[in-house]
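# Structural overview
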Amino acid sequence: MSAEFHLRPASSELVRRDWRLPLAAAGVWAAALAGLYGSAMSGVVIAVGCLVVVLLGRRRDRGFAAAVATVAFGGLLGSGVTTIHVAIRDHPGLAALTEAETVGEAELVLHTVPKPSTRRPDMVTATARLRAFHTEDTALQGNWQVLLVASGEEWKEVAAGQRLAVPAVLREAGEGRLTAAIVSARGPPELDGELPLHHRFAAHVRERLAVAAEAVPQPESGLIPALAVGDASMMDRDMASDFRETGLVHLVVVSGYHLSLVVGTVLAVSVACRAGPRGRVLAGAIAAAAIVVVAGPQPSVLRAAVMAGMTLLALAAGRPRAAMPALATAVLVVVLADPDMAAQAGFALSVAACVGLLLLAFRWARPLEHRGWPPSVALAVTIPLAAQVAVTPVLVGLGSGVSLVSVPVNLLAALVAAPVVVLSVGAAAAAAVWLPAGEFAAQLAAIPARWLIWLARTGAEVPGAMLPVPGGVWWGLASGAVMAALIALLHVRRLRRPLLAVLAAAVVGTIPACVLRDGTPSGWVVTMCDVGQGDALVLPAGDAVIVVDVGPDPAAMDECLDELGVDRIALLVLSHFHIDHTAGIGGAMEGREVEAILAPPPGEARYGFAIVEEQAGAVPVLEAVPGEVFEFGQTRLEVLGPPADLLSGTRSDPNNNSVALRAEVSGTSVLLSGDVELEGQRALLGRGAALDVEVFKVPHHGSSFQAKEFLEAADPAVALVGVGAGNEYGHPDPGPVGLLEERGALVFRTDVDGRITVVRNGDRLEVTTEK
């Protein structure tokens, strides 16, 4: 007698193995991303193509054809919704105004809190909705997503949700987003009406938390608001950079980790208070909603909020939680609600990290648990490793570099991450009700926060902590394929040990390369560092270097000098005091001996001058005098400008009074011209300065303010342009670049080539680039 038994998997297993939602979410995301880079017509074509595939596969309920049809169904939804948004974005009336860079009055509703620009701290940026734009002969009304760029202390007092009017210039926005225009404010805002209730609540919590955090010293006081509500405006720039380099940045942006801790804590308190299922779900929903309102509509916040909502609904219905469908639902809901999320790096990193946790972390923890590891310890090891593996292809695709210390730093950070986040959020909640209670909670949060600060600083100081990698979509896809192949091979028992041995040997072998990598090459003439939208150049000076400008970012400046092995700066030249040339001075001076600073009078650029004055300390500051000569080893510097009688009344006096230098490095001539524009260039020509050189630093990031005769007089073999990728100024202008190329110059630019190094090899110049 025999019998057959068919064991039916548990419902949770059935849900876990259902890939329809993830496939549909992938289709939505891909179609939305494609639609953002196209027009409304191309979106219609994509939607029709997806519809055809859906109709062809509608009778297939399994197999590859069914999977393709499911992805196509998601693509149909994503392309349909995105096409509507793109049609609004590409409004012909608004496009005409942006193309003409029209000046008028903009009526806006701020979507996010204005935050200091990472490249220019004197400016703030915020996303907003443009409701109307008025000129003397035009009145345009609508509801467009725009990027607001402004300057002035009054903007830092404006909250999200505020209606306002401001004189502004409309400029074209970059492709690939729903941003219809860039609104460059030309004055202070004129506020219109009160904030909505939820925005008033968010502003109240943020303000009271900032006051409560002042009860502890810096840098802890700047970190606590970031840990609580993602408000990093009070964080020191160097510390923020350290958190990015060591992979701890997820702690200072509100994410699923924050929501799970907060909601979990609220649910635990509800259980302790003997609340019923509905009461627990209601308390959790209120906590999640409060976090979302206060933190704002950040990509990771929205993704985590939808996932938390799915979990609470499952808890209310008494059904098992299915994490992967919850994540897929979050992607569906967020991208369909705002297709612009499909193009945001933060959203991609957030989703990738979650996928790594769900597919890899728990699976990798099981073998450790079988060997007797406590589950919490096993997960503490596998979670940062799985997250790093999952986000690496995204980081490579973005060209952001890969942190080599992220896994060990996050493993050590796990010791205090949960309590410091809960205490920081508790400080925000308490301060909103009673300020002394918030101050007490902030003092408690500062204790574990010190451990995070030490980890970030120590990890960032490790030589080679951030591994620069080639960027781009194809490199990202290739790295993803390599990661997938390695994971698959590690699941083959026979290959696991040999492969782990090879990987371990590779890691050990990279340590000397990371510690000793780069340095200055033989025949070195000059290096232009990649510091974003700014200038930073390094020349040899015997056993030290000459640094000319330090860019806007201390971390990028410090990294470049570290990779060149610089520990002593014989002369630090600041061409002028605009912050894209001076704000990185802390990165140049930290841990290095600086013998002197050469600079012009500050003129109108007082903010940059204040930064330098603060950082310079006891380092002597020399005033640039035309004709003065400095010699360091085989390098000779001659000061060409500014003139003794400074130029005034020009388009930009600080730019035109830049320190201009002619360098001779072992017989190779280099012209470093700061940001001189038309007036400054013609003044150099008029004084008969020796401008004919082999290597030429193109002034003012290759802007359109170039005198043709100046470029012709320089007549270089190699031209260098310091410029940030996707910068809002449109640098470099194709006109000057084209003129230089027509005359035979090889033009290299940091946004395309990364760090650029010029060396002399016999009778020829050789140029090596980072990318």
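Residues numbered from 1 in each chain as written. Predicted model: local features only at pLDDT ≥ 70, side-chain atom pairs only at ≥ 80, totals over all residues. Heavy atoms only, no water.

## Considerations on the overall build of the protein chain
- In terms of regular secondary structure, the protein chain is built from 28 helices and 25 strands.
- Buried residues in the protein chain amount to 48% of all 771 residues.
- Counted over contacts in the protein chain with a minimum sequence separation of 6, partners at least 24 positions apart contribute 68%.
- In the structure as shown, the protein chain presents an accessible area of about 35900 Å², 60% of it carried by carbon and sulfur atoms. (Helix = DSSP H or I, 4+ residues; strand = E, 2+ residues; numbered from the N terminus. Buried < 20%, exposed > 50% of the residue type's maximum accessible area, 1.4 Å probe, protein only. Contact = heavy atoms within 4.5 Å. Areas by Shrake-Rupley, 256 points an atom, 1.4 Å probe, with all protein chains shown as cover.)

## What about unusual backbone geometry?
- Between Gly641 and Pro642 the backbone carries a cis peptide bond, its omega angle lying at 15°.
- With respect to the helices, strands and loops of the structure, Pro642 is situated in the loop between strand E18 (635-641) and helix H24 (653-656).
- A cis amide bond links His731 to the next residue, Pro732, at an omega of -10°.
- Structurally, Pro732 can be placed in the loop between strand E22 (718-721) and helix H27 (734-742).
- Residue Glu101 is not a glycine yet carries a positive backbone phi of 50°.
- Relative to the elements of secondary structure, Glu101 occurs in the loop between helix H5 (92-99) and strand E1 (103-110).
- In this structure Glu101 comes out as partly exposed when scored by relative accessible area, which is 43%.
- If you check the backbone angles, Asp549 has positive phi at about 70° while not being a glycine.

## Describing the packing of helix H3 (residues 40-56) against helix H4 (residues 63-89)
- Their axes nearest at 8 Å, the elements H3 and H4 cross at an angle of 160°. Considered as vectors, H3 and H4 are oriented roughly antiparallel to each other. Seen along the crossing, H3 lies across H4 with a hand that is left-handed. Residues Ala40, Gly43, Val44, Ile46, Ala47, Cys50, Leu51, Val53 and Val54 of H3 lie in contact with H4, whose contacting residues are Val68, Ala69, Ala72, Phe73, Gly75, Leu76, Ser79, Thr83, Val86 and Ala87. (Axes fitted to C-alpha atoms, helices over the stretch in contact; angles between N-to-C directions. Parallel < 35°, antiparallel > 145°, perpendicular 65-115°, else oblique. Left-handed = near helix turned anticlockwise from the far one by under 90°.)

## What to know about the nonpolar core
- One finds Leu223, Met235, Phe243 and Leu452 to be the most contacted residues of the largest nonpolar core, which totals 49 residues.
- A per-element tally of this core places helix H17 (residues 435-461) first, with nine residues.
- With residues up to four places along the chain from it excluded, the contact list for Leu223 reads Met235, Met239, Phe243, Val252, Ala449 and Ile453. (Core = buried A, V, L, I, M, F, W, Y, C linked by side-chain atoms within 4.5 Å.)

## Let's talk about the confidence of the model for the protein chain
- For the protein chain, the mean per-residue pLDDT works out to 83, and 90% of the residues sit at or above 70.
- Least confident of the elements in the protein chain is helix H1 (residues 11-16), whose mean pLDDT is 41; most confident is strand E21 (residues 695-697), at 94.
- In the predicted structure, residues 1-16 sits below a pLDDT of 50 and forms six contacts with residues beyond four places in sequence or in another chain.
- Predicted confidence is poor over residues 513-517, with pLDDT under 50, and the contacts of this stretch with residues over four places away or in other chains come to 10 contacts. (pLDDT = per-residue confidence, 0-100.)

## Some words on the pattern of salt bridges
- With the rule as written, the count across this model stands at 23 salt bridges.
- Across the pair Asp535 and Lys697 runs a salt bridge whose closest N-O atoms are separated by 2.6 Å. Highlighted residues: Asp535 in the loop between strand E10 (524-528) and strand E11 (536-541) and Lys697 in strand E21, separated in sequence by 162 residues. For the pair Asp535 and Lys697, a shared accessibility class is recorded, and that class is buried.
- Residue Asp751 is joined to Arg749 by a salt bridge in which the shortest nitrogen-to-oxygen separation is 2.8 Å.
- In this structure Asp751 comes out as buried when scored by relative accessible area, which is 17%.
- Because the salt bridges share partners, they merge into one network encompassing Asp558, Asp562 and Arg592. (Salt bridge = Lys/Arg side-chain N within 4 Å of Asp/Glu carboxyl O.)

## Quick notes on the environment of Ala275
- If you trace the backbone, Ala275 turns up in the loop between helix H9 (256-272) and helix H10 (277-295).
- Overall, Ala275 belongs to the partly exposed group, its relative accessible area being 26%.

## Looking at the state of the cysteines
- Applying the stated criterion across every chain yields a total of one disulfide.
- Each disulfide pairs two cysteine sulfurs, and for Cys529 the partner residue is Cys560, the sulfurs being separated by 2.1 Å. Between Cys529 and Cys560, the disulfide has an S-S torsion of -70° and is therefore left-handed. Of the two residues, Cys529 sits in the loop between E10 and E11 while Cys560 sits in helix H20 (residues 554-563), which places them 31 residues apart along the sequence.
- Taking the relative accessible area as the measure of exposure, Cys529 reaches 1% and is therefore buried. (Disulfide = S-S within 2.5 Å.)

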